[in-house]
Protein chains: 2
Amino acid sequence: MQLGSIEAGGTKFVCAVGDENYHTQSRQVIPTTTPRETLAAVNAYFAQFPALKAMGIASFGPIEIRRHSPKYGYITNTPKPGWSNTDFVGAIRQQFKGPIAWTTDVNGSAYGEYVLASLFNEKIASLVYYTVGTGVGAGVVENGQFLGTLGHPEMGHVYVKRHPDDLNFKGICPFHGDCLEGLISGPTFEARLGKPGKDVPLTDHVFDILAYYIAQAAIQSTLTIRPNKIVFGGGVISEPLLVKVRAQFKQLLHDYVAVGPLDQYLTMPQAKDNGSATIGNYALALKEYNR
Amino acid sequence: MQLGSIEAGGTKFVCAVGDENYHTQSRQVIPTTTPRETLAAVNAYFAQFPALKAMGIASFGPIEIRRHSPKYGYITNTPKPGWSNTDFVGAIRQQFKGPIAWTTDVNGSAYGEYVLASLFNEKIASLVYYTVGTGVGAGVVENGQFLGTLGHPEMGHVYVKRHPDDLNFKGICPFHGDCLEGLISGPTFEARLGKPGKDVPLTDHVFDILAYYIAQAAIQSTLTIRPNKIVFGGGVISEPLLVKVRAQFKQLLHDYVAVGPLDQYLTMPQAKDNGSATIGNYALALKEYNR
């Protein structure tokens, strides 16, 4: 059975075709330029697979995910130039006539990690996935469903207690200044230290500051959702940083609720090569097909 | 049809008998002393109603709500002296043999407000209920289910960005210092101002500080759960305080996501006389009966 996946990001679209066992047989990366150009290239790619049964799309946002909305399937008021008010699902339907699952990039990744956990025989009923990269976002799966009534989560924009050594940094979120994204996203390295994150050694104190904020985000999720697991992806995340996050989490939570061993509770993705969303898309496509 | 309700708090147990239309026909308040004495009085009260079909219990916590746990139905490691490791549901079952619904006090209130919203024809799929009193807690209903896999939410203990005029206050939570509960619970009036909250006029600047923190809690819930509505109960909450909360919420969220009119989104309970949990208990008892 052939299933399609589109992981739509601000710089590239990763398109893939795989099967119900989540094995990818074809993959193509398409640069994000204009909606017309990019979506035409996406449709041209999938036109090669006439046996495709269903498709999963995990898109950058904000997007409209409420099925009853006339704008369902749209990218809405995104800061990405040229992409606001784009009928993404409508454009794909011009070429592909089967069932389409539609959600956010981070929900797609969350679902992929949720599926992988089951495959590895972890007993998982709920999972939170954070991405910390150019932006910060999160998706939540609870008993196979995504959390969110009025829309998808936007947990990148919560506020946190400021680190005592970071009080003079104003944050870089254009909407909120020092919300979580404004304090920990990739571009904050340049803003704080005048150089990109890749040039900052992991011994730099800035990683203690990031860990302090990321740990608070994890505490918010923990105390609100009480999930089985919190997964962190995105360019800013590394295992050495997560070691610091776990230490801060332990100190700040003060064992107030039990979450199990921290190295299994706060983890990197199980999917290789940023593949969480592709696996999630296959699974969501299959679910939509069986709906 | 007779349904029972127990709202179990740290100072009193409110027991009631009502019907499937949420009308209360009998009510008794029992002081919280020792588990043996209080639960015996509760059982004696309900023994008067042999026709009782089901019971709902909304209890102070922390409590064990996972049905597969051997400690299901227990109050666990509570700071309330004498009540740790109390088999609450087991004690009630000694007298009452019908179905029993078991959840937290705030979940009970959340469910009551969720039911009332439906009765008033609001289209509600999800609702968050915060109590701000001696302690701070929250319950979440999402499509008729409570949120929480590893246990119930403990959203009173998240961290928030400190108000610039409140940086010297260390907070009073014995576990976390300046977590939300440590900054906004009722006893913080005494800690900050040396007098109880009832003696502090609503014009005092401390209410701007509380509003700043409560607004951040509401933003965390909003961006995580995207609920239809957030309800605030408990002794610290008043409509004038909520007016301040709405103003801070608007400024801090910066219209990042749409939530509708704020006076309908951030509200006091619809139930009269702190009756949210009792209504929730009737509804949960009925649901358990039909399970």
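Residues numbered from 1 in each chain as written. Chains lettered and ligands numbered in written order. Predicted model: local features only at pLDDT ≥ 70, side-chain atom pairs only at ≥ 80, totals over all residues. Heavy atoms only, no water.

Novice: What am I meant to see in the sheet that holds strand β8 (residues 126-132) of chain B here?
Specialist: Residues and elements named next belong to chain B. Spatially, five strands are ordered β10-β9-β8-β11-β12 in an open sheet, and the strand pairing comes out mixed. Only two strands of the sheet have a single partner each, and these edge strands are β10 (145-146) and β12 (266-267). Of the strand pairs in this sheet, strand β11 (residues 229-233) and β12 are connected by two bridges, and their pairing is parallel. Each residue of the ladder has a partner; that of Ile-230, found in β12, is Leu-266. (Pairing = 2+ DSSP bridges. Helix = DSSP H or I, 4+ residues; strand = E, 2+ residues; numbered from the N terminus.)

Novice: Is there a simple way to think about the confidence of the model for chain A in this case?
Specialist: As a general rule, the predicted coordinates of low-pLDDT regions are not to be interpreted in detail. Looking at chain A, the pLDDT average stands at 97 and 100% of residues meet or exceed 70. On the interface metric, ipTM, the complex scores 0.96, and its pTM is 0.96. (pLDDT = per-residue confidence, 0-100.)

Novice: Just checking my understanding: could you explain the nonpolar core for this structure?
Specialist: Generally speaking, a soluble globular protein has its nonpolar side chains buried in company with each other. If you look at the biggest cluster of nonpolar residues, it comprises 99 residues, and the most contacted ones within it are Phe-249 of chain A together with Phe-249 of chain B. With sequence-adjacent residues up to four places away left out, Phe-249 of chain A is seen in contact with Ala-215, Ala-218, Ile-219, Thr-222, His-254, Val-259, Leu-262, Tyr-265 and Leu-266 of chain A. With 27 residues, the next largest nonpolar core counts Ile-6, Val-42, Ile-63 and Val-89 of chain A among its residues. (Core = buried A, V, L, I, M, F, W, Y, C linked by side-chain atoms within 4.5 Å. Buried < 20%, exposed > 50% of the residue type's maximum accessible area, 1.4 Å probe, protein only. Contact = heavy atoms within 4.5 Å.)

Novice: Looking at this model, I keep getting lost on the relation of the copies chain B and chain A. Mind explaining?
Specialist: Think of it as a corkscrew move, a rotation about one axis and a shift along it, taking one chain copy to the other. Turning chain B through 180° and shifting it by 0.0 Å along the axis lays it on chain A, with an RMSD of 0.0 Å. What we have between these two chains is a two-fold relation. No C-alpha of chain B lies nearer the rotation axis than that of Lys-161 of chain B, which sits 2.0 Å from it. Comparing interface residues between copies, 100% of those in chain B also sit at the interface in chain A, which points to an isologous, same-surface contact. (Least-squares fit on C-alpha atoms with pLDDT ≥ 70 in both.)

Novice: What am I meant to see in the environment of Pro-70 of chain B here?
Specialist: All names here are of chain B. Assignment of secondary structure puts Pro-70 in the loop between β4 (52-59) and β5 (74-75). By relative accessible area, Pro-70 is classed as exposed at 78%. Between the C-alpha atoms of Pro-70 and Ala-54, which are 16 residues apart in sequence, the distance is 22 Å.

Novice: What is the right way to read the packing of helix α3 (residues 105-119) of chain A against helix α9 (residues 276-289) of chain A from this model?
Specialist: All names here are of chain A. Interaxial distance between α3 and α9 falls to 6 Å at its minimum, and their mutual angle equals 85°. Here α9 runs roughly perpendicular to α3, going by the angle between their axes. Along its contact with α3, which presents Asp-105, Gly-108, Ser-109, Tyr-111, Gly-112, Glu-113, Val-115 and Leu-116, the element α9 presents Ser-276, Ala-277, Ile-279, Gly-280, Ala-283, Leu-284 and Lys-287. (Axes fitted to C-alpha atoms, helices over the stretch in contact; angles between N-to-C directions. Parallel < 35°, antiparallel > 145°, perpendicular 65-115°, else oblique.)

Novice: How should the packing of helix α6 (residues 206-225) of chain A against helix α7 (residues 239-253) of chain A be read in this particular structure?
Specialist: All names here are of chain A. The N-to-C vectors of α6 and α7 enclose an angle of 55°; their axes lie 8 Å apart at closest approach. As judged from the angle between their axes, α6 and α7 are oblique. Relative to α7, the crossing made by α6 is right-handed. On α7, the residues that touch Phe-207, Asp-208, Leu-210, Ala-211, Tyr-212, Ile-214, Ala-215, Gln-216, Ala-218, Ile-219, Thr-222 and Leu-223 of α6 are Leu-241, Lys-244, Val-245, Gln-248, Phe-249, Leu-252 and Leu-253. In terms of residue class, the contact of α6 with α7 is built from 14 nonpolar, three polar and two charged. (Left-handed = near helix turned anticlockwise from the far one by under 90°. Nonpolar A, V, L, I, M, F, W, Y, C, P; charged D, E, K, R; others polar.)

Novice: Would you explain empty space enclosed by the protein in this entry?
Specialist: Empty space among the atoms becomes visible once a probe the size of a water molecule is rolled across them. A complete count under the given rule lists one cavity of 30 Å³ or more for this structure. Taken as a whole, the largest cavity spans an internal volume of roughly 40 Å³. Tyr-130, Met-155, Val-158, Ala-217, Gln-220, Ser-221 and Thr-224 of chain A together with Thr-224 of chain B are the residues that line the largest cavity. No other element matches the four residues that α6 of chain A contributes to the lining of the largest cavity. Grouping the amino acids of the lining of the largest cavity by side-chain chemistry returns four nonpolar, four polar and no charged. (1 Å grid on protein atoms, 1.4 Å probe; cavity = no way out; pocket = protein on both sides within 12 Å on 5 of 7 lines; lining within 4 Å. Points joined across faces, edges and corners; volume = space filled by probe spheres on them.)

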